[in-house]
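Here is what each chain is made of, one letter per residue.
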Amino acid sequence: EEATVPTVMTLEDMRRTLVYIGDSGGVVHRCTGRVRKKEAAAGEYAASKHRWTEDDGKEKEAPALKVWMALPDRTTVDVLAWAPGQPQICQPPEVVNGNTRAFNTWRGLPPLNAPENWQEWAAPFEHHIAYLVPVEAERRRFIQWLAHIVQHPEELPHTSYLMITEQTGIGRNLLGSVMVRVLRGYVAAGISLGPILDNKFNGRLSQKLLAVVDETHEGLSDKRYLRGERLKSLITEEHRHIDTKYGLQTVEKNCCRWLMFSNHYDALPFQNNDRRVIVIENPTQRQTSEYYAWLYGLVNQPQFIGSVRRYLEQVDLSDFNAGGHAPMNDAKIRALGSMMSETEKALIEFRETWPGVIAGRADIRSFVGLGVNETHLNHAIERSGMVNTGRRYAGFMGKDRAVIVQPDRITVEEVKAAAPDWIRDHIQQARAAFDAT
């Protein structure tokens, strides 16, 4: 418990502990991490007075902060930064307007005490994860992913987690509640993903190591392609531009992992070549009401939370690859299938039955129907595993463009370098064989 009275400091205390932020006119306290604008700092430290004796023997008194501001050797930086893993005075994430010195507000995870029998206290946490993630290999990596937040908060993995089940009330929010307490102050819980993917205010992500999305269902929205691209950068961008409503815009080091829950398989707008989202299929059978009452009874017990922190601190990460790609498993295949539109399903059928290595765009449009707009058709072709080349040739209905149907047999460069007659003749032969079947 901290005292609820003003901090009283001598001028020497201020010289040692205060830092002036030039770009915003702020004052930061090194020990507490409190940041105040200059006007607010005057009130914060109003009780701190500096007294001295003039040459004529008169006693003088002035606000210590005002005297500190005039010191030629006060500590001064350009901007504030949040950069886990960096020293307190460091370089800012981005150099703007010549700002090269930053005060790092990252102060580490707050300490938590664990009892001597912490393994026993942490056992319910292990048991619950074993229930939520029934596949052993997937469970081991997920536990390592959680432990990596505690052991290496400064290193951002290239993957996030999406947990899916059509059953409600299995205890995933309970997992989120535990992590909120284990990473106290550094979790954004109950995040609504849609507005963030639409590039709206993202202030809640500021200075966070974990973002928990309780329920997401973005996969088949009208903005699926734009949101899909935004999701990629959201997970792995090195620096994040923080835009807080009614607040200042800042740039922070991105150390925020994503843990997302959904009751829908078309939850996220990722593509079949996605390397960032690990999909876990949660159980469809709930535990007993006594089981959940038992776990929720532990959540607010300091011994339990401290033991979970200690457990994650002890997890072996020697074979954990933070830069590894998300594997393809049955759950992810099902999620990808749920996000396919009728056009995409038709294009997969076209790809599997077209006898040639390339096809004309007109052949594809004829197969799926003429009502599909060009933008959607472009995305659908890519999602089906085919490749738009942009190479034009004289087709049976005038100028047309070639599409690679079998990218494992021919490249875009080879199509672009091919003679126009070869492209036309190959597509005509493939079309004749296709129509015959």
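Relevant structure appears above.
These notes cover the structure that comes with them.

Cut-offs and rules
- Residue indices follow the written sequence of each chain, beginning from 1 at its first position.
- Thresholds applied to this predicted model are a pLDDT of at least 70 for local features of residues and 80 or more for the giving and counting of side-chain atom pairs; totals over whole chains, interfaces and linings are not thresholded and use all residues.
- Excluding hydrogens and water, the side-chain values take into account all heavy atoms of the structure.
- If DSSP finds at least two bridges between two strands, the strands pair.
- Every helix listed is a DSSP run of H or I at least four residues long, and every strand listed is a run of E at least two residues long, numbered separately from the N terminus.
- For helices, the fitted axis covers only the stretch in contact; all axes are lines through C-alpha atoms, and the angles between them, taken along N-to-C directions, range from 0 to 180 degrees.
- Should any heavy atoms of two residues lie within 4.5 Å, those residues are counted as being in contact.
- In a helix, the anticipated span is given by 1.5 Å times the number of residues less one.
- We define the bend at each residue as the angle formed by axes fitted to the 7 residues ending at it and the 7 residues starting at it.
- Here's how the labels work: a residue is buried when its accessible area is under 20% of the maximum for its type, exposed when over 50%, partly exposed in between, all with a 1.4 Å probe on protein chains only.
- Working rule for angles: under 35 degrees goes down as roughly parallel, over 145 as roughly antiparallel, 65 to 115 as roughly perpendicular, anything else as oblique.
- Helix crossings get a hand from a simple test, with the near helix turned counterclockwise from the far one by less than a right angle marking a left-handed crossing and a clockwise turn marking a right-handed one.

1. As for the sheet that holds strand β1 (residues 18–21)
- Pairing in this open sheet of 4 strands is mixed, and the strands run β3-β2-β1-β6 from one edge to the other. Looking at the sheet topology across the chains shown, the edges are occupied by β3 (35–37) and β6 (75–77). Across the sheet, the mean angle separating the axes of adjacent strands is 30° when strand polarity is ignored.
- Where β1 meets β6, 3 bridges bridge the pair, whose relative direction is parallel. Looking across to β6, one finds that Ile21 is bridged to Val77.

2. A word on the sheet that holds strand β19 (residues 398–404)
- A sheet is described by the order of its strands in space; here 3 strands give the open sequence β17-β19-β18, paired in antiparallel fashion. With partners counted over all chains shown, the strands left at the sheet margins are β17 (358–360) and β18 (387–395), one partner each. The sheet shows a mean angle of 30° between the axes of neighbouring strands, direction not considered.
- For β17 and β19, the ladder comprises 3 bridges, and the chain directions are antiparallel. Opposite Gly360, over in β19, you have Ala402 as the bridge partner.
- Running over the sheet, helix α14 (residues 374–383) touches β18 and β19 and is turned about 115° from β18.

3. Some details on helix α4 (residues 118–132)
- Along its 15 residues, α4 runs 22 Å from first to last C-alpha, staying within 8% of the 21 Å computed at 1.5 Å per residue.
- Its axis deflected by about 30° at Pro124, α4 carries its strongest bend there.
- Residues of α4 that are buried include every one of Trp118, Ala122, Pro124, Phe125, His128, Ile129, Tyr131 and Leu132, and no others.
- Looking at the packing, one finds that the buried side of α4 touches α5 (136–151), α6 (172–182), β16 (277–281), α9 (289–299) and α10 (302–314).

4. As for the packing of α4 against α5
- In the contact formed by α4 and α5, the axes pass within 10 Å of each other and the chain directions differ by 130°. Relative to α5, the element α4 is oriented oblique. Helix-helix and strand crossings are classified by hand; for α4 and α5 the assignment is right-handed. Contacts between α4 and α5 pair Phe125, Ile129 and Ala130 from the former with Arg139, Phe142, Ile143 and Leu146 from the latter.

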